[in-house]
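Breakdown of the fold
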Amino acid sequence: QVQLVETGGGLVQDGGSLKLSCAASGRTSEIRFMGWFRRAPGKEREWVGSITYNGDNVYYTNSVKGRFTISRDNAKNTVYLQMDSLKPKDTAVYYCVADNGRYSDSYYYTEIFYDYWGQGTQVTVSS
């Protein structure tokens, strides 16, 4: 089992920045991908981005490209989501995720790919 704990959410103004952190513990050796999803009010949960274990590959959904940056520190078993130029439409609960190698890498942008989910952290962007 892997446990994920997110920190760093909060309230920020339009155009501001926030950085989320996700610390993994437990059987972290089985993790190949870590990433982030979000659920905005009244909408379905959507994939934000993912990063491979070695950090060589990072993927983003189109709506956050150029504004969000995912990175990781394997020494700390922690992945980060740096969010810049935030917009009100980025308001959502953000979830950290990690896989355990069950599925093909091709599915890294799907919910089913990830077995482990954090509790979520609220990000609110005011206009």
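Just above sits the structure.
What this report covers is the structure whose coordinates are included nearby. These numbers were taken from a predicted model, which means no experiment stands behind them. (Residues numbered from 1 in each chain as written. Predicted model: local features only at pLDDT ≥ 70, side-chain atom pairs only at ≥ 80, totals over all residues. Heavy atoms only, no water.)

1. Observations regarding the pairing of strand β4 (residues 33–39)
Most of β4 sits out of view: six of its seven residues are buried. Strand direction decides the pairing type here: β4 and strand β5 (residues 46–52), joined by six bridges, are antiparallel. Counted as the bridge partner of methionine 34 is isoleucine 51 from β5. Here β4 folds back onto β5 in antiparallel fashion, the turn holding six residues, of which glycine 42 has a positive phi close to 75°. (Buried < 20%, exposed > 50% of the residue type's maximum accessible area, 1.4 Å probe, protein only. Helix = DSSP H or I, 4+ residues; strand = E, 2+ residues; numbered from the N terminus. Pairing = 2+ DSSP bridges.)

2. Structural notes on the layout of surface pockets
One number sums up the size of the largest pocket: a volume of about 170 Å³. Tallied by class, residues from the lining of the largest pocket come to one nonpolar, one polar and six charged. (1 Å grid on protein atoms, 1.4 Å probe; cavity = no way out; pocket = protein on both sides within 12 Å on 5 of 7 lines; lining within 4 Å. Points joined across faces, edges and corners; volume = space filled by probe spheres on them. Nonpolar A, V, L, I, M, F, W, Y, C, P; charged D, E, K, R; others polar.)

3. Things to note about the nonpolar core
In summary, soluble globular proteins display a tendency toward joint burial of nonpolar side chains. If you look at the biggest cluster of nonpolar residues, it comprises 28 residues, and the most contacted ones within it are Leu4, Met34, Trp36, Met83 and Tyr94. Listed by contribution, the elements that provide at least two residues to this core are β1 (2–7), β3 (18–26), β4, β5, β7 (68–73), β8 (78–83), β9 (92–98) and β11 (121–126). Apart from the residues within four sequence positions on either side, tyrosine 94 is in contact with Glu6, Leu20, Trp36, Phe37, Arg38, Val48, Phe68, Leu81, Met83, Gly120, Thr121 and Val123. The next biggest cluster of nonpolar side chains, apart from the first, holds seven residues, and it includes Phe33, Trp47, Val97 and Tyr108. (Core = buried A, V, L, I, M, F, W, Y, C linked by side-chain atoms within 4.5 Å. Contact = heavy atoms within 4.5 Å.)

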